[in-house]
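Survey of secondary and tertiary structure
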Amino acid sequence: MSDSIEQSIFNALCYYSNVHRGNGYNSRITTELFEEARNVVLDFAGKKRESYGVLFCSPLLLNCIEQNIPEGSFTCISGESGLNLGVSALILKKDKIRHLKTVLSGGGTARLISPDWVVWARGSEKLEAGTPPVINILIFVISLLQQRQRKKIKQTESDSTAYEILYNDGLNGISGKELYDKLSGLKVGNGITVPTVEGEKPFINLDYAASTPTFMPVWNAWKMALMQKESVQHDLVNETRIICGDFCNAPSDEFEIFFTANTTESLNIAARNIPFPASAGQAVVLTTMLEHTSNDLPWRLSGAKVIRTGINKEGLINLQEMEDLLKSYNRDTNFPGERINIVSISGASNVLGIFNPIEAISEIVHRYGAVLVVDAAQMAAHSAISMKGRGIDCISFSAHKVYAPFGTGVLIARKGLINENKEIEDLRSSEIKNAAGIAALGKALVLLKRIGMDQILKEEQDLTARLLEEMAEIRRVTVYGIKDNASPAFSLKGSVIPFTVDGLMADQVAKELAAAGIGIRSGCHCAHILVKHILGVGPNLARFQRVIVTLFPKLKLPGVARISFGIGTTRQEVEVFLNALRRLASEPRNLQYKKFSVPMKTFVSKVTEDILSTASSL
């Protein structure tokens, strides 16, 4: 891989965040790169942008969509670079995309949901379930730009071993707090400056719950892994499987590990392939009000009946209600012909930042003969996971939430839980297609393990306590969930804080902070049921919102602003955020974003153009 292409990818990583629904510089730049990548594909294929659309697909999604459209009605581009990226581009007419049904659900595939109905997203979003692997896609489109000039990305194989790539990094011998501090200084994107209403300033990323940045050792491991011969890539996949099992205390004689595209894909695979007993009648899945759509919609599409437990004022699951439901369905048979087969919960809420008491939940779930599935997307980077120790039957999480944003997800299940079929066979055989992304995940987990999850949690809770204490003193600001660091439940609080500012929509709050060089996220955070609950949106207003988003899909709905952080977040950044929030809350009518939106848009477009032109001009 040439120095120029490497620099282009590295620059994209410096600004990396999750696509769509973010107002900060990182999210806007990543989104523009993602959407411009579609145009590169269409131009390469000679298709008109106004008539055709592009879907970026994992191997599983590609197979699912191809089964639902006639042969000859699409064009598929994949593998042209000779690199294993786990990405294909499917080109279809836009009217064909509009009429395709959602095949993998969750993430951005829904515009709005309630317990009883779904308003699906339109266009490509309803099909591209979960967080797209933007960095992999960028390499993919760079290869197309190279081919257009009759060039090819040079694959320079080295003699590195899987062990060297995953375990050697110049930080050997360093662990705990010392490694935590070292990695903070090695965060990709440190020192990036952006224009703000007060001039050029360092960008502050407080959007870790959407996607985490990465570190130089992880970037280096990914680069090395991408260029290896296939035998070494197989070794990398196998060694990362061992690393994942160790990280999650999932011994190989009891659990099996699958690599997917992201958490959303993992949960879809679980919902499609954990069999419901034939004798059970109507299968029932019990979840909670806290869930991300990725841990809701796949279960609905499985044909099961989905029911939910409530939460208290701090956002904690009502364990008594959970036990009462399990007892009523599975022991007392108060619902003839119906049985709760699966309890699927989030390990931590992506809105309230609450860690659920998994061990207590597991004891209740197994007492009544159900299976426990945990969506650990928001948990894996912040708190220890022990599948064997806590009685978890199945777990999923994403690499882009654990400092390795290269298109990998993990599904770990108790042996025999997942049905063996062609989809699972294909999943296993496709792992090598993103071996470098899997290796990056392995490297990130090695580093987290060496720091120690207890140390990470301590560092993050110290900052969380500081933020909660200061935000409680700001007039017009309302924090949701656990608000007080003196609360008995604070030990279950993670580094995610949702809030609103009186008189301002959440979207306005995020835009104003973006104009100050601070990236956060706003809206319903793909947790519509929870956000409507904490904002007091009743059934009648929810039905009205359904009509509104159907008629006006681009209209912003009420939501909450959310800050989130992790390794690399500094106390100084927290103070800058607090000062900006104080100014905004004290002067809610003195909005700056509108007058600053043009310079911001110009900067975003220039960075995007520079990243792509660096590669295309070679």
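Residues numbered from 1 in each chain as written. Predicted model: local features only at pLDDT ≥ 70, side-chain atom pairs only at ≥ 80, totals over all residues. Heavy atoms only, no water.

**Some thoughts on the overall build of the protein**
Looking only at helices and strands, the protein features 22 helices and 20 strands. In terms of overall dimensions, the protein is globule-like: its C-alpha atoms have a radius of gyration of 23 Å, near the 25 Å expected for 618 residues. The buried share of the protein, taken over its 618 residues, is 61%. Contacts spanning at least 24 positions in sequence make up 76% of the contacts within the protein whose residues lie at least 6 apart. Approximately 23700 Å² of the protein is accessible, and the part contributed by carbon and sulfur atoms is 50%. (Helix = DSSP H or I, 4+ residues; strand = E, 2+ residues; numbered from the N terminus. Rg over C-alpha atoms; globule rule 2.2 N^0.38 Å. Buried < 20%, exposed > 50% of the residue type's maximum accessible area, 1.4 Å probe, protein only. Contact = heavy atoms within 4.5 Å. Areas by Shrake-Rupley, 256 points an atom, 1.4 Å probe, with all protein chains shown as cover.)

**Some points on the environment of V343**
Its location among the elements puts V343 in strand β12 (residues 338-346). On the basis of relative accessibility, which here comes to 0%, the residue V343 falls in the buried class. When the C-alpha atoms of V343 and I174 are compared, they prove to be 40 Å apart, with 169 residues separating the residues in sequence. Setting aside residues up to four positions removed in sequence, V343 forms contacts with L286, M322, L326, V365, A370, V371, L372 and V373.

**Concerning the sheet that holds strand β3 (residues 88-93)**
The sheet built from three strands is open, its strands ordered β1-β3-β2 with antiparallel pairing. On the outer flanks of this sheet lie β1 (52-57) and β2 (75-78), each paired with one strand and no other. Adjacent strand axes in the sheet meet at a mean angle of 20°, parallel and antiparallel pairs treated alike. Across four bridges, the pairing between β2 and β3 is antiparallel. Bridged to T75 within β3 is I91. (Pairing = 2+ DSSP bridges. Axes fitted to C-alpha atoms, helices over the stretch in contact; angles between N-to-C directions.)

**What about the layout of surface pockets?**
By volume, the second largest pocket amounts to about 350 Å³. V197, A516, A580, R583 and Q592 are the residues nearest the centre of the second largest pocket, which is lined by 16 residues in total. Going through the elements one at a time, α18 (506-515) and α21 (571-586) are the ones with two or more residues in the lining of the second largest pocket. (1 Å grid on protein atoms, 1.4 Å probe; cavity = no way out; pocket = protein on both sides within 12 Å on 5 of 7 lines; lining within 4 Å. Points joined across faces, edges and corners; volume = space filled by probe spheres on them.)

**Regarding the nonpolar core**
Soluble globular proteins: nonpolar side chains tend toward being buried together. Counting 175 residues, the largest nonpolar core has F56, M471, F499 and F577 as its most contacted members. With 12 residues, the single largest contributor to this core is helix α16 (residues 435-451). Membership of the second largest hydrophobic core comes to 37 residues, among which are L61, L100, F258 and I274. (Core = buried A, V, L, I, M, F, W, Y, C linked by side-chain atoms within 4.5 Å.)

**Brief notes about the packing of helix α7 (residues 176-185) against α16**
One can describe the packing of α7 onto α16 by two numbers: an axis separation of 7 Å at closest approach and a directional angle of 135°. The angle between α7 and α16 places the two elements in the oblique class. Contacts between α7 and α16 involve G176, L179, Y180 and L183 from the first element and L447, R450 and I451 from the second. Its residues placed into classes, the contact of α7 with α16 shows five nonpolar, one polar and one charged. (Parallel < 35°, antiparallel > 145°, perpendicular 65-115°, else oblique. Nonpolar A, V, L, I, M, F, W, Y, C, P; charged D, E, K, R; others polar.)

**Considerations on the pairing of strand β10 (residues 282-288)**
The buried count for β10 comes to six of seven residues, which makes it a mostly enclosed element. As paired elements, β10 and strand β11 (residues 305-309) share five bridges and run parallel to each other. Directly across from L286, in β11, lies its bridge partner I307.

**With respect to the packing of helix α9 (residues 230-247) against α16**
Their axes nearest at 9 Å, the elements α9 and α16 cross at an angle of 35°. Considering how the two elements wind past one another, α9 and α16 form a crossing that is left-handed. Contacts between α9 and α16 pair Q233, L236, V237, T240, I243, C244, D246 and F247 from the former with A435, I438, A439, L441, G442, L445, V446, L448 and K449 from the latter. Partitioned by chemical class, the residues of the contact of α9 with α16 number 12 nonpolar, three polar and two charged. (Left-handed = near helix turned anticlockwise from the far one by under 90°.)

**Some details on empty space enclosed by the protein**
Taken as a whole and judged by the stated rule, the model has five cavities of 30 Å³ or more. Approximately 530 Å³ is the volume found for the largest cavity. Lining of the largest cavity is provided by 36 residues; of these, N18, G107, T131, H292 and C526 occupy positions nearest its centre. Elements with a minimum of two residues in the lining of the largest cavity: α2 (25-45), α10 (263-273) and β19 (521-523). Here the lining of the largest cavity is composed, by residue class, of nine nonpolar, 19 polar and eight charged. A volume near 340 Å³ is recorded for the second largest cavity. Residue lining of the second largest cavity: 31 residues in total, with S58, P59, G86, A261 and E265 positioned closest to the centre.

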